[in-house]
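# Examination of the molecular architecture
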Amino acid sequence: MTEAQSSAHGFACAESPKAGVVHVRHRHDTHFTVVGNHLAQHPHLSAVAIGIGVYIQSLPDGALVGIKDLTRRFREGEIAIARALKELEAAGYLERRRERCAGGRMVTRTSWFEHPDHRAASVPRPRPRPQVDLAKRRRTPDVPLPPVDEPAAELLAGLRRRDPRLVLSERDVRLLAPDVRAWLDRGVGPVQLARTLGGELPVGVIARPARLLAYRLKSWLPPALPVQPREPAPERPSAPLPFQTCDGCERAFRAAAPGRCRDCRTVDAA
């Protein structure tokens, strides 16, 4: 007799693989970050660079990711973290650029691109600059200049002798002259005022010396001196009495009217 054979398929083997990692899956509903395999499995980035890249992608906008900040977060030193940031920058994930703020201060703008292949579409385009009507600007009437104040103008024009960076145009001198006159009228001499305006200047190039001098003239203006009370005139000494000749001893003495001297009056009284 032949053996009975079953035509049913056998069950698939549900055993774990004999080598490699085994994933224990967990569904994250909150507090998770989506990271593409192009970063997590990047073939050329180091382990430190991939780890820092995943960490940066998990941070919210505005988080600090400088070398000092990452050194305080991880055990790696500044050299290793700086090298990893350069790797991410070369791979297109990280961008750091220096920009000047409105107040003149330089800051570092850091951008993180979750996928370097799509960074061109994610970079915000700069706003177009408004067009300036040069013809309209030329038609704008100029501010009338005050009359020339020779002492104030000479003081301002001579400031460049103290510092070559304090070069003023003739228009600047005419506009600043009334503020200089206010100092002179309050008893500040030209030498002292020139020393005040040209002293303790900032280091480096002074792009707008007229604006600097205008600020000092208005902000550092001293108060007017108080009016001193007039001292009373000294009393004039009275004129000495005229000489008289004594009627008794004919000796000269001072008295308002002729008569006898004090000695003769004493003898007469005795």
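Residues numbered from 1 in each chain as written. Predicted model: local features only at pLDDT ≥ 70, side-chain atom pairs only at ≥ 80, totals over all residues. Heavy atoms only, no water.

## Focus: helix α2 (residues 47-57)
It helps to recall that an α-helix has 3.6 residues per turn; residues three or four apart then point in one direction. Listed as buried for α2 are A49, I50, I52, G53, I56 and Q57. Buried residues of α2, viewed axially, fall in a sector of 165 degrees; they line one side. The elements touched by buried residues of α2 are α1 (37-40), α3 (67-73), α4 (78-91) and β2 (106-112). (Buried < 20%, exposed > 50% of the residue type's maximum accessible area, 1.4 Å probe, protein only. Helix = DSSP H or I, 4+ residues; strand = E, 2+ residues; numbered from the N terminus. Arc of directions from axis to C-beta. Contact = heavy atoms within 4.5 Å.)

## Structural notes on the pairing of β2
Of the pairings in the sheet, the one linking strand β1 (residues 94-100) to β2 comprises seven bridges and is antiparallel in character. Paired with L94 across the strands is W112, a residue of β2. Adjacent in sequence and paired antiparallel, β1 and β2 are bridged by five residues, among which G104 carries a positive phi angle near 95 degrees. (Pairing = 2+ DSSP bridges.)

## Looking at the packing of helix α9 (residues 170-185) against helix α10 (residues 190-198)
Running from N to C, α9 and α10 point in directions that differ by 125 degrees, and their axes come no closer than 10 Å. The pairing of α9 with α10 is recorded here as oblique in orientation. Two packed elements cross with a definite hand, and for α9 against α10 that hand is right-handed. The residues of α10 that touch α9, namely those facing V180, W183 and L184, are P190, L193 and T196. (Axes fitted to C-alpha atoms, helices over the stretch in contact; angles between N-to-C directions. Parallel < 35°, antiparallel > 145°, perpendicular 65-115°, else oblique. Left-handed = near helix turned anticlockwise from the far one by under 90°.)

## Quick notes on unusual backbone geometry
Note on backbone geometry: most residues besides glycine have negative phi, and most peptide bonds are trans. Here the phi dihedral of E200 falls at roughly 50 degrees; this positive angle occurs in a residue that is not glycine. On the secondary structure map, E200 appears in the loop between α10 and α11 (209-219).

## Things to note about the pattern of salt bridges
Under the definition given, this model contains twelve salt bridges. A salt bridge links D185 to R181; its shortest N-O distance comes to 3.3 Å. Pair noted here: D185 and R181 are both in helix α9, with a separation of four residues, about one helical turn. By relative accessible area, D185 is classed as exposed at 55%. What makes R181 partly exposed here is its relative accessible area of 27%. It is possible to trace a salt-bridge network through shared partners that takes in E95, R97, E99 and R109. (Salt bridge = Lys/Arg side-chain N within 4 Å of Asp/Glu carboxyl O.)

## Remarks on the layout of surface pockets
Within this model, the largest pocket holds a volume of roughly 290 Å³. Lining the largest pocket we find 13 residues, and of these P60, D61, G62, T110 and W112 sit closest to its centre. Mapped onto the lining of the largest pocket, the elements with two or more residues apiece are α2 and β2. The leading source of residues in the lining of the largest pocket is β2, at three residues. When the residues that make up the lining of the largest pocket are grouped by side-chain class, the tally is seven nonpolar, four polar and two charged. If you add up the space inside the second largest pocket, you get close to 220 Å³. In this structure, the second largest pocket is lined by 13 residues; those nearest its centre are L64, V65, G66, D69 and T110. (1 Å grid on protein atoms, 1.4 Å probe; cavity = no way out; pocket = protein on both sides within 12 Å on 5 of 7 lines; lining within 4 Å. Points joined across faces, edges and corners; volume = space filled by probe spheres on them. Nonpolar A, V, L, I, M, F, W, Y, C, P; charged D, E, K, R; others polar.)

## Some points on the nonpolar core
Within the largest apolar cluster, 23 residues are counted, with the highest numbers of intra-cluster contacts made by L156, L159, L168, V180, L193, L197 and L217. Mapped onto this core, the elements with two or more residues apiece are α7 (150-157), α9, α10 and α11. When residues in this core are grouped by element, the largest group, six residues, is from α9. Apart from residues no more than four positions distant in its own chain, L193 is found in contact with L155, V180, W183, L184, V188 and L217. Counting 14 residues, the second largest nonpolar core, distinct from the first, contains I52, L70, A84 and L88. (Core = buried A, V, L, I, M, F, W, Y, C linked by side-chain atoms within 4.5 Å.)

## Focus: the confidence of the model for the protein
Taken residue by residue, the protein gives an average pLDDT of 83. The fraction at 70 or more is 85%. Confidence, read as mean pLDDT per element, is least for helix α6 (residues 134-139) in the protein (57) and greatest for α11 (93). Confidence drops under a pLDDT of 50 for residues 8-12, and excluding neighbours within four residues, the segment shows zero contacts in the predicted structure. (pLDDT = per-residue confidence, 0-100.)

## A word on α7
If you check which residues of α7 are buried, you get A152, A153, L155 and L156. One side of α7 holds all its buried residues, which, seen down the axis, span an arc of 160 degrees. Along its buried surface, α7 packs onto α8 (159-162), α9 and α10.

## As for the side chain of Q57
As for its position among the elements, Q57 is in helix α2. Here W112 takes part through its side chain, which lies 3.3 Å from a polar atom of the side chain of Q57. Those residues in contact with Q57 that sit more than four places away from it in its chain are T33, V34, V35, L39, W112 and E114. (Polar contact = N/O pair within 3.5 Å; in protein donor to acceptor, adjacent residues only side chain to side chain.)

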